[in-house]
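Below, each chain spelled out in residue letters.
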Amino acid sequence: MILAVLYVLLSLLDVLSSAEENLRVRTTRMDCVRASEQCLKEQACSTKYRTMRQCVAGGKESNFSSVAGLEAKDECRSAMDALKQSPLYNCRCKRGMKKEKNCLRIYWGIYQTLQGNDFLEDSPYEPVNSRLSDISLLAPIMGEPAVVRKNDCLNAAKACNLNDTCKKYRSAYISPCTSRVSTAEVCNKRKCHKALRQFFDKVPPKHSYGMLFCSCPPNDQTACSERRRQTIVPVCSYEEKQRPNCLELQASCKTNYICRSRLADFFVNCQPESRSLSGCLKENYADCLLAYSGLIGTVMTPNYLRSPKISVSPYCDCSNSGNSKDDCDKFAEFFTENTCLRNAIQAFGNGTDVGMWQPMSPVQTTTSTTTPSQRNRERNPNTIDNHINTDPGIYHFCGSLQEPPLLRGCSSQLMKQRDHRQQS
């Protein structure tokens, strides 16, 4: 009996010790700029860090320094293994931070050889753990019942003008996005994109989201939808003289640290999942909307298509894709047919959190593409291989979440189920 009690106590101590260690790791994780500075101050870490950077700069491990063959590969692997014990290996960045581009440069310099395919790249950004109900839901302009509200998009624009921060950063992007540079150039796209990124990084979501994700009344779908589409001044920020191929646009995005990072963040946080009641693998609408808004102000800037429906896309298509047509369609459909993103946009304004929603069965997704994901999981054991699933029939008993009333009804049913489980 005594031995049994001791065994239980020892097991409990192991659990508590493990939890304490996990908490310590989370709280001590540095941003990549600080982690790099700390590593360079320590001779052992600094030496391995410089070696690793030479390996990456060579493009391939076999190109490292003047050493040839297996010896070079071993030295590169040794350097990376050593860095796994330093803060650099687990570093992340914060969106909109002062040295964001430098932080992302360090991150990708470390991990670019460890990533899998385009849909398996980890997000370099620190998780926010946000909820839609924490965004205040545009309280100043959404106090009226839904049946009385006339035009949320118009009201959101008015609310922005009444908020000093929103008005300041909106004016800051309107100016470069609407000022013609020459007869051939309608605007300075680089300045327009930078100002747009600052708007969505600096303005509180209750105002920036209000303009971007506002709902339109049934009797004014066309005009209201166009107002919403014009929020980011598409003639400058979104449209091009010629519509590029989506894979070429993606390749262009990945040459820029910020664009590549925002795209990876979008893939991670807006991943659809057919067995989830929310339609999202991560069960978090707020994180998906944050990741989507982060793409605005990059070459991958998405916008609403010219239709009353909620359908978004970067300014690209899949013509002239050749043998890569399937890959191109898969990429484009992550925007145009993304059930997670669509439901997240619909949920905005209702404050519908999905933290209490559970998948109908354990989510064990697979990927049809063979990638070096084993190395990715070694760095992050919680990483799940992602398979893009945009099956529209994903809800088992709550029906479609495409309309806010149904969404509220579904949320009510789920909350009742949760309370019932807690009582039992």
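Per-chain numbering applies: the sequence of each chain, read as written, is numbered from 1 onward. Thresholds applied to this predicted model are a pLDDT of at least 70 for local features of residues and 80 or more for the giving and counting of side-chain atom pairs; totals over whole chains, interfaces and linings are not thresholded and use all residues. Side-chain figures throughout are based on the complete set of non-hydrogen atoms in the structure, without hydrogens or water.

The name given to the protein in an unreviewed UniProt entry is GDNF family receptor alpha 1, with the source organism recorded as Takifugu rubripes. UniProt positions are given in the numbering used here, feature names are shortened, and annotations may be inferred rather than shown by experiment. Quoted verbatim from the Subcellular location (unreviewed entry) heading of the UniProt record, the comment on the protein is "Cell membrane".

**Student:** What is the right way to look at the overall build of the protein in this model?
**Tutor:** A count of helical and extended segments in the protein gives 18 helices and two strands. Contacts are assigned to residue pairs that have any heavy atoms within 4.5 Å of one another. Within the protein, contacts between residues at least 6 apart in sequence are counted, and of these 72% link residues at least 24 apart. Each accessible area is a Shrake-Rupley estimate made with a 1.4 Å probe; only the visible protein chains count as cover when residues are assessed. For the protein, the computed accessible surface area is about 22100 Å², with 51% contributed by carbon and sulfur atoms. Under the scheme used here, helices are H or I runs from DSSP no shorter than 4 residues and strands are E runs no shorter than 2 residues, and both carry numbers assigned from the N terminus.

**Student:** Looking at this structure, how should I read the nonpolar core?
**Tutor:** One broad trend across soluble globular proteins is that nonpolar side chains are buried collectively. We call a set of buried residues a nonpolar core when its members are Ala, Val, Leu, Ile, Met, Phe, Trp, Tyr or Cys and they connect through side-chain atoms within 4.5 Å of each other. Three labels apply to residues, based on accessible area from a 1.4 Å probe with only protein chains included: buried if under 20% of the type maximum, exposed if over 50%, partly exposed otherwise in between. One finds Phe213, Phe266, Leu289, Met300 and Leu341 to be the most contacted residues of the largest nonpolar core, which totals 56 residues. Looking at which element gives the most residues to this core, the answer is helix 14 (residues 285-295), with seven residues. Where a domain begins and ends is set by an automatic assignment or by a domain database. Lining this core are residues from two domains, each supplying at least three of them: domain 2 (148-239) and domain 3 (244-353). Once residues within four sequence positions are removed from consideration, Leu341 is found in contact with Phe266, Cys270, Cys288, Leu289, Tyr292, Val312 and Phe335. Among the nonpolar cores identified, the runner-up in size contains 26 residues, and Met30, Cys91, Tyr107 and Ala264 belong to it.

**Student:** How should I be thinking about the packing of aromatic side chains in this particular structure?
**Tutor:** How two aromatic rings sit relative to each other is set out by the distance from centre to centre and by the angle between their planes. Ring pairs are drawn from Phe, Tyr and Trp, using the six-membered ring of Trp, whenever the two centres fall within 6.5 Å, and their geometry is named by plane angle: stacked under 30 degrees, edge-to-face over 60, tilted for the rest. With the rule as written, the count across this model stands at 15 aromatic pairs. Aromatic pair Phe213 and Tyr292: ring centres 5.9 Å apart, planes at 50°, arrangement tilted. Remark: Tyr292 occurs in helix 14 and Phe213 occurs in the loop between helix 9 (205-212) and helix 10 (221-229); sequence separation between them is 79 residues. Across this residue pair, the class does not change: Phe213 and Tyr292 are buried. Connected via pairs of aromatic rings, a cluster forms that spans Tyr209, Phe213, Phe266, Phe267, Tyr292, Phe331, Phe334, Phe335 and Phe348.

**Student:** It is not clear to me how the pattern of salt bridges should be interpreted in this structure. Could you clarify?
**Tutor:** One side chain can pair with another of opposite charge once the charged atoms of both are near each other. A pair is scored as a salt bridge if a Lys or Arg side-chain nitrogen falls within 4 Å of a carboxyl oxygen belonging to Asp or Glu. Applying the stated criterion across every chain, the model contains eleven salt bridges. Residue Arg306 is joined to Glu226 by a salt bridge in which the shortest nitrogen-to-oxygen separation is 3.6 Å. Of this pair, Arg306 sits in the loop between strand 1 (302-304) and strand 2 (312-314) while Glu226 sits in helix 10, and the two are 80 residues apart along the sequence. A residue is classified by how much of its surface remains accessible, and Glu226, at 25% relative accessible area, is partly exposed. Here Glu239 makes a salt bridge to Arg229, at a shortest N to O gap of 3.9 Å.

**Student:** What is the right way to read helix 2 (residues 32-41) from this model?
**Tutor:** Residues that lie three or four places apart on an α-helix share one face, since the helix turns once every 3.6 residues. Among all positions of helix 2, only Cys32, Val33, Ala35, Ser36 and Cys39 are buried. One face of helix 2 carries all of its buried residues, which in axial projection span an arc of 165°. For this analysis, a polar contact is any N or O atom pair within 3.5 Å, provided that within protein one partner can donate a hydrogen and the other can accept it, and provided that sequence-adjacent residues contribute only side-chain to side-chain pairs. Where helix 2 starts, the residue carrying a side-chain oxygen 2.9 Å from the main-chain nitrogen of Val33 turns out to be Asp31. What the arc measures is the spread of directions leading from the helix axis to the C-beta atoms.

**Student:** Help me understand unusual backbone geometry, please; the structure alone is not making it clear to me.
**Tutor:** One non-glycine residue, Glu283, lies in the positive phi region at around 55°. Here Glu283 lies in the loop between helix 13 (257-269) and helix 14. For Glu283, a relative accessible area of 11% corresponds to the buried category. Unusually for a residue other than glycine, Asn320 sits at a positive phi of about 60°. Following the sequence through the fold, Asn320 ends up in the loop between strand 2 and helix 15 (325-336).

**Student:** Would you mind going over the state of the cysteines with me for this structure?
**Tutor:** When the sulfur atoms of two cysteines share a covalent bond, that bond is a disulfide. Here, the term disulfide refers to a pair of cysteine sulfur atoms separated by no more than 2.5 Å. Summed over the entire model, instances satisfying the criterion amount to 13 disulfides. Residue pairing for Cys32: its cysteine sulfur links by disulfide to Cys91, the two sulfurs lying 2.1 Å apart. Across the S-S bond of Cys32 and Cys91 the torsion is about 90°, and the bridge reads as right-handed. On the criterion of sequence distance, the pair formed by Cys32 in helix 2 and Cys91 in the loop between helix 4 (69-83) and helix 5 (100-111) is long-range, its members being 59 residues apart. Look at Cys32 and you get buried, because its relative accessible area is 0%. Two residues, Cys270 and Cys288, share a disulfide whose sulfurs are 2.1 Å apart. Sign of the S-S torsion, about 110° for the bond between Cys270 and Cys288, identifies this disulfide as right-handed. Linking Cys270 in the loop between helix 13 and helix 14 with Cys288 in helix 14, this pair joins segments that are 18 residues apart in sequence.

**Student:** Just to check I follow, could you spell out the packing of helix 14 against helix 16 (residues 339-347) for this structure?
**Tutor:** Angle between the axes and distance between the axes are the two parameters that describe a pair of packed helices. Only the contacting stretch of a helix is used when fitting its axis, a line to C-alpha atoms as for every element, and angles between N-to-C directions run 0 to 180 degrees. Orientation of helix 14 relative to helix 16, taken along the N-to-C sense of each, is 105°, at an axis distance of 9 Å. Taken together, helix 14 and helix 16 sit at an angle that is classed as roughly perpendicular. Between helix 14 and helix 16, the residues in contact are Tyr285, Cys288, Leu289 and Tyr292 and Cys340, Leu341, Asn343, Ala344, Ile345 and Ala347, respectively. By the convention adopted, Pro, Cys, Tyr, Trp, Phe, Met, Ile, Leu, Val and Ala count as nonpolar, Lys, Arg, Asp and Glu as charged, and the other residues, Gly among them, as polar. Residue composition of the contact of helix 14 with helix 16, grouped by class: nine nonpolar, one polar and no charged. Any angle between 65 and 115 degrees counts as roughly perpendicular, while under 35 counts as roughly parallel, over 145 as roughly antiparallel, and the rest as oblique.

**Student:** Please explain the environment of Lys206 as it appears in this structure.
**Tutor:** Summarising the element assignment, Lys206 is placed in helix 9. With a relative accessible area of 26%, Lys206 lands in the partly exposed category. Along the primary structure Lys206 and Cys160 are separated by 46 residues, whereas in three dimensions their C-alpha atoms are 9.5 Å apart.

**Student:** It is not clear to me how the environment of Gln85 should be interpreted in this structure. Could you clarify?
**Tutor:** Summarising the element assignment, Gln85 is placed in the loop between helix 4 and helix 5. C-alpha separation for the pair Gln85 and Cys45, spaced 40 residues apart in sequence, amounts to 9.2 Å.

**Student:** Help me out: how do you make sense of the environment of Leu212 in this one?
**Tutor:** Here Leu212 lies in helix 9. Owing to a relative accessible area of 1%, Leu212 belongs among the buried residues under this scheme. Sequence separation of Leu212 and Ala156 is 56 residues, and the distance between their C-alpha atoms is 8.9 Å. In contact with Leu212, other than residues within four places in its own chain, are Phe200, Arg228, Ile232, Tyr292, Ser293, Ile296 and Tyr304.

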